[in-house]
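# Summary of the model geometry
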Amino acid sequence: MTTNFEIIEKTVDDIRVIKVCGELDALVAPKLKERISKQIELDINKFVIDFSELVHINSLAMGILRGKLRVVRDLGGDIKLVGLNDHIKTIFEMIGLDELFDIYATEEEAIASFR
């Protein structure tokens, strides 16, 4: 089974911006976890995760995000989310993740929130 998935990364000042495209399911969620973990090892603790091109997310991926949020906040950082479509936003609201994460409409707003 092939999945439509891509991660695009860049750094803006001291913030790591990770754009997740396609389907974030059980097959590829560990790749996102690994990317975030590697950045934490490099002392990066501020993340913006862009879901503007995300079409699907499963519970494993949401659990990974929640776990990484805890780690990053313990290090004095944060994970901000941007670009959630209505479907993804509804899922986050149903399980309460909208209460844990700061969610922004644009990457620029999320980056500015770290200032």
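Residues numbered from 1 in each chain as written. Predicted model: local features only at pLDDT ≥ 70, side-chain atom pairs only at ≥ 80, totals over all residues. Heavy atoms only, no water.

## Examining the nonpolar core
Test applied: Only buried residues count toward a nonpolar core. Its members are Ala, Val, Leu, Ile, Met, Phe, Trp, Tyr and Cys residues joined through side-chain atoms within 4.5 Å. Relative accessibility under 20% of the residue-type maximum defines a buried residue, over 50% an exposed one, and the middle range a partly exposed one, all with a 1.4 Å probe and only protein chains included. Here a helix means four or more residues in a row that DSSP labels H or I, a strand means two or more in a row labelled E, and each is numbered from the N terminus. The contact criterion used is simple: two residues touch if any of their non-hydrogen atoms lie within 4.5 Å.
If you look at the biggest cluster of nonpolar residues, it comprises 30 residues, and the most contacted ones within it are V20, L24, F51, I57 and F92. When residues of this core are traced back to their parent elements, those giving at least two are β1 (5–12), β2 (15–24), α1 (29–41), β3 (46–57), α2 (59–74), β4 (78–82) and α3 (86–95). Tallying contributions element by element places α2 first for this core, with six residues. Non-local contacts of L24, meaning those with residues more than four positions away in its chain, are made with F5, A29, L32, F51, L54, H56, I57, N58 and A61. Counting residues in each nonpolar core, the second largest holds seven residues, with I15, V48, V82 and A110 among its members.

## A look at α3
Put simply, the test is: Within this analysis, the arc is defined by the directions that extend from the helix axis to the C-beta atoms. Here a polar contact means two N or O atoms within 3.5 Å. Within protein one must be a hydrogen donor candidate and the other an acceptor candidate, and residues neighboring in sequence count only if both atoms are side-chain atoms.
Regarding α3, the residues found buried are I88, I91 and F92. Viewed end-on, α3 has its buried residues packed into an arc of 95 degrees, placing them on one side of the element. Exposed residues pointing more than 90 degrees away from the buried face of α3 are listed as D86 and M94. Where the residues of α3 are buried, they touch β3, α2, β4 and α4 (97–100). Sitting at the amino-terminal end of α3 is N85, which places a side-chain oxygen 3.0 Å from the backbone nitrogen of H87. Positive backbone phi, at 85 degrees, marks G96, one or two positions downstream of α3.

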